[in-house]
Structure formats: C-alpha cells, structure tokens
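Here are the chains, one letter per residue:
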Amino acid sequence: ASAVEIRKVNKYYGPFHALKDVDLSIPPGKVTCLIGPSGSGKSTLLRCINFLEEYDSGEIRIDGQLIGYEAPGRKMSGRKLREMRRSIGMVFQQFNLWPHMTAKENVAEGLIRVRGLSKAEAETRAAEALAKVGLADKMGNHPARLSGGQQQRVAIARAIAMEPRLMLFDEPTSALDPELVGEVLNVMKTLAQEGMTMVVVTHEMGFAAHVADQVAFMEKGELVGVDSPGRILHHP
Ligand code: ADP
Ligand code: ADP
C-alpha cells in the first residue's frame, strides 16, 4: 500500500484556475473520498495524482517519489511516467472495456501487453481477479452480455490484476442504474478491507460515511476541509 502527498498543487485550464493550492495527505491502506459540487475540481485533482492531467505548480509524491516532474518545472520522461503509472490502478465512470473481447480477455490484455506475461499466465491471473469481483461465472461473456454493474466490476478486476499499490476511482457508479450501484460499492469495500490505498471521487454519501477513512471536501478548486466520515452527514 502506498501513500500520496499533495502539496500546494495548482492547475490552470488556460486562464481558469481549477486547483488552488491544494494540500492533502492520503494515508497508506486507507480510503479517501473526494466530495464536492460538480465542477469543484475533484476529477482534476484525481487525474493529477497519476499525471493524466499536468499540474502547474506544487508537488505530488507517491511513496516519496515526485510524479510527472524530475524536479519542479522539469518534466519526467514518458518512459519513467509510464513506469510509475503501472502501479496505479484507475477506474472511470465509463467502463472502457474492449467490446470484441470477453471479460477474461479484457483483464488479461494488460497483463500480456504491459506486464509481458504469457497468455496462459495472464488468463490465470485474470480468472483470479474476476473471481474476486464475483464474476467467476461470467468470464467468457463479452461486455454486451454483462450488466453495467458487471462491466464496472470487470474494469475493477482489470485494474487489480495489475497489482497496483494505489487505486483511483472517478465516479465509478455514476453511469449505473441505481439498483446496480451497490454491487460495485461492495467490491470497492472489499478492496478497502484488504488494505488497498484508495482515492474515490463519489456522490455516494452512504459509501463515504461507511467506508471512507477520511473525506476531503472540494469547492471551486479549493480543498475546504478534511473530515472523519462520521461527521459527513453534518457537513453544511
Ligand atoms: P468535478 O470533478 O468536481 O466535477 P472537474 O475537475 O471535472 O470537476 O472540473 C473542474 C473545473 O475545471 C470545471 O469548471 C470544468 O469545467 C473545468 N475543466 C475540467 N476539465 C477541463 C478542460 N480539459 N479544459 C477546460 N476546463 C476544464
Ligand atoms: P444515502 O442514504 O446517502 O443514499 P446509503 O447509506 O443508503 O446512503 O447508501 C448509499 C450507497 O452506499 C448505497 O448504494 C449502498 O450500497 C452503499 N453503502 C451504504 N452503506 C454501505 C456499507 N456499509 N458498505 C458498503 N456500501 C455501503
């Protein structure tokens, strides 16, 4: 499990100041939920953690290592960035599965291409990851023959099969029908109980209140508070 230190991070989209001096410590083995109104910068902050978005100043360190830059203002090589990103799993609102591949092939693909495993090894590990998210009996299904909740669980399996030290979730249940939200949150809760370091952008207040170890509130690009989840329901 990994820890992330975010120090005085600023991000601009042209003239628009999207992140304003954001400071946040993400403890290892814990769940941090990012909460706040739409447009407050949650997704931008999450994407800065794996440098899918470039931040303009400040520092983000993962286990002490600066991501995106060799030193302030000096970018890291693409190769080094890809290497760092390999240990960071990301799950998006959209599942982004390959439609022509089965669930098992979707999970195995990254293990073959990025990790260089043989097809047989990759498929063994894919099967384990799919069993863990409760899809042992759906491994041969193509995405079109899976529900949204099952597709998102395949996407989670794809990420955890890579054995990340950190998982980032960007509104993982927002595209789902309400009755399918719980099965995805339960898989995330299991991961949390196993000690995965997780950062979760979500509107699911129940999940934040019951599963998060800390809840960070964002407003207009600023991090306006970090609370224990017990207080979440009382926040204005
Ligand atoms: P949240 O995740 O809290 O809804 P975002 O991080 O997606 O917020 O967006 C924060 C602000 O930055 C919004 O006002 C949004 O319009 C703006 N923004 C996000 N991405 C871009 C972009 N690629 N170009 C310009 N503005 C953007
Ligand atoms: P709210 O009243 O804000 O809607 P709920 O407590 O009803 O919050 O839960 C919202 C979501 O969070 C639900 O989809 C539920 O599955 C999930 N959830 C709530 N409590 C837990 C829990 N203890 N573990 C995992 N998921 C939970």
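Description of the structure in this document. (Residues numbered from 1 in each chain as written. Chains lettered and ligands numbered in written order. Predicted model: local features only at pLDDT ≥ 70, side-chain atom pairs only at ≥ 80, totals over all residues. Heavy atoms only, no water.)

### Focus on a positive patch on the surface
Here comes step 1: Residues Arg79, Arg82, Arg86 and Arg115 make up a contiguous surface patch of positive charge.
Here comes step 2: The topology assignment puts Arg115 in the loop between helix H3 (103-113) and helix H4 (119-132).
Here comes step 3: The exposure class assigned to Arg115 is partly exposed, which follows from its relative accessible area of 32%. (Patch = residues over 30% accessible without salt bridge, like charges linked within 9 Å, V, L, I, M, F, W, Y side chains within 5 Å. Areas by Shrake-Rupley, 256 points an atom, 1.4 Å probe, with all protein chains shown as cover. Salt bridge = Lys/Arg side-chain N within 4 Å of Asp/Glu carboxyl O. Lys, Arg positive; Asp, Glu negative; His and termini not counted. Charge placed at Lys NZ, Arg CZ, Asp CG, Glu CD. Helix = DSSP H or I, 4+ residues; strand = E, 2+ residues; numbered from the N terminus. Buried < 20%, exposed > 50% of the residue type's maximum accessible area, 1.4 Å probe, protein only.)

### A look at the side chain of Ser87
Here comes step 1: Turning to its location among the elements, Ser87 is positioned in the loop between helix H2 (78-85) and strand S8 (88-91).
Here comes step 2: Those residues in contact with Ser87 that sit more than four places away from it in its chain are Pro164, Arg165 and Leu166. (Contact = heavy atoms within 4.5 Å.)

### Some remarks on the site of ligand 1
Here comes step 1: The immediate surroundings of ligand 1 are formed by Tyr13, Phe16, Pro37, Ser38, Gly39, Ser40, Gly41, Lys42, Ser43 and Thr44.
Here comes step 2: Within the contact set of ligand 1, a nitrogen atom lies 3.4 Å away from a side-chain nitrogen or oxygen of Tyr13.
Here comes step 3: Thr44 places a side-chain nitrogen or oxygen 2.5 Å from an oxygen atom of ligand 1. (Near = heavy atom within 4 Å. Polar contact = N/O pair within 3.5 Å; in protein donor to acceptor, adjacent residues only side chain to side chain.)

### Examining unusual backbone geometry
Here comes step 1: Even without a glycine there, the phi angle at Asp63 is positive, about 50°.
Here comes step 2: The class of Asp63 is partly exposed, set by a relative accessible area of 42%.
Here comes step 3: The phi torsion at Glu171 lies on the positive side, around 45°, for a residue other than glycine.
Here comes step 4: Along the polypeptide, Glu171 turns up in the loop between strand S9 (166-170) and helix H6 (178-193).

### Re the side chain of Thr202
Here comes step 1: Mapped onto the elements, Thr202 comes out in the loop between strand S10 (198-201) and helix H7 (205-211).
Here comes step 2: At a separation of 2.9 Å, a polar atom in the side chain of Thr202 contacts the main-chain amide nitrogen of Glu204.
Here comes step 3: In contact with Thr202, other than residues within four places in its own chain, are Cys33, Leu34 and Ile35.

### What to know about the layout of surface pockets
Here comes step 1: One number sums up the size of the largest pocket: a volume of about 700 Å³.
Here comes step 2: Lining the largest pocket we find 25 residues, and of these Arg85, Ile88, Met90, Val114 and Met162 sit closest to its centre.
Here comes step 3: Counting only elements with at least two residues in the lining of the largest pocket, the list comes to H2, S8, H3 and helix H5 (148-160).
Here comes step 4: Residue composition of the lining of the largest pocket, grouped by class: 13 nonpolar, 7 polar and 5 charged. (1 Å grid on protein atoms, 1.4 Å probe; cavity = no way out; pocket = protein on both sides within 12 Å on 5 of 7 lines; lining within 4 Å. Points joined across faces, edges and corners; volume = space filled by probe spheres on them. Nonpolar A, V, L, I, M, F, W, Y, C, P; charged D, E, K, R; others polar.)

### Points about the pairing of S9
Here comes step 1: Counting buried positions along S9 gives 5 out of 5 residues, so the element sits mostly inside the fold.
Here comes step 2: On S9, burial covers both faces: Leu166, Leu168 and Asp170 on one face and Met167 and Phe169 on the other are all buried.
Here comes step 3: Here S9 pairs with S10 via 4 bridges, running parallel. Within S10, the position partnered with Asp170 by the bridge is Val201.
Here comes step 4: One crossover worth recording links S9 to the parallel S10 by way of H6, and it is right-handed. (Pairing = 2+ DSSP bridges. Right-handed = clockwise from strand over helix to strand, strands pointing away.)

### Considering the site of ligand 2
Here comes step 1: Around ligand 2 sit Val181, Gly182, Leu185, Asn186, Lys189, Glu204, Met205, Gly206, Phe207, His210 and Val211, and those are all the residues in its vicinity.
Here comes step 2: At 3.3 Å from an oxygen atom of ligand 2 is found a main-chain nitrogen or oxygen belonging to Phe207.
Here comes step 3: Relative to its unbound accessible area of 540 Å², ligand 2 is 53% covered by the protein chains.
Here comes step 4: Of all the elements in the fold, those that place two or more residues in the shell around ligand 2 are H6 and H7.

### What about the sheet that holds strand S1 (residues 4-13)?
Here comes step 1: Strand order in the open sheet formed by 4 strands is S2-S1-S4-S5, with antiparallel pairing between adjacent strands. In this open sheet, the two edge strands, each paired with only one partner strand, are strand S2 (16-26) and strand S5 (65-66).
Here comes step 2: Of the pairings in the sheet, the one linking S1 to S2 comprises 7 bridges and is antiparallel in character. Bridged to Lys11 within S2 is Leu19.

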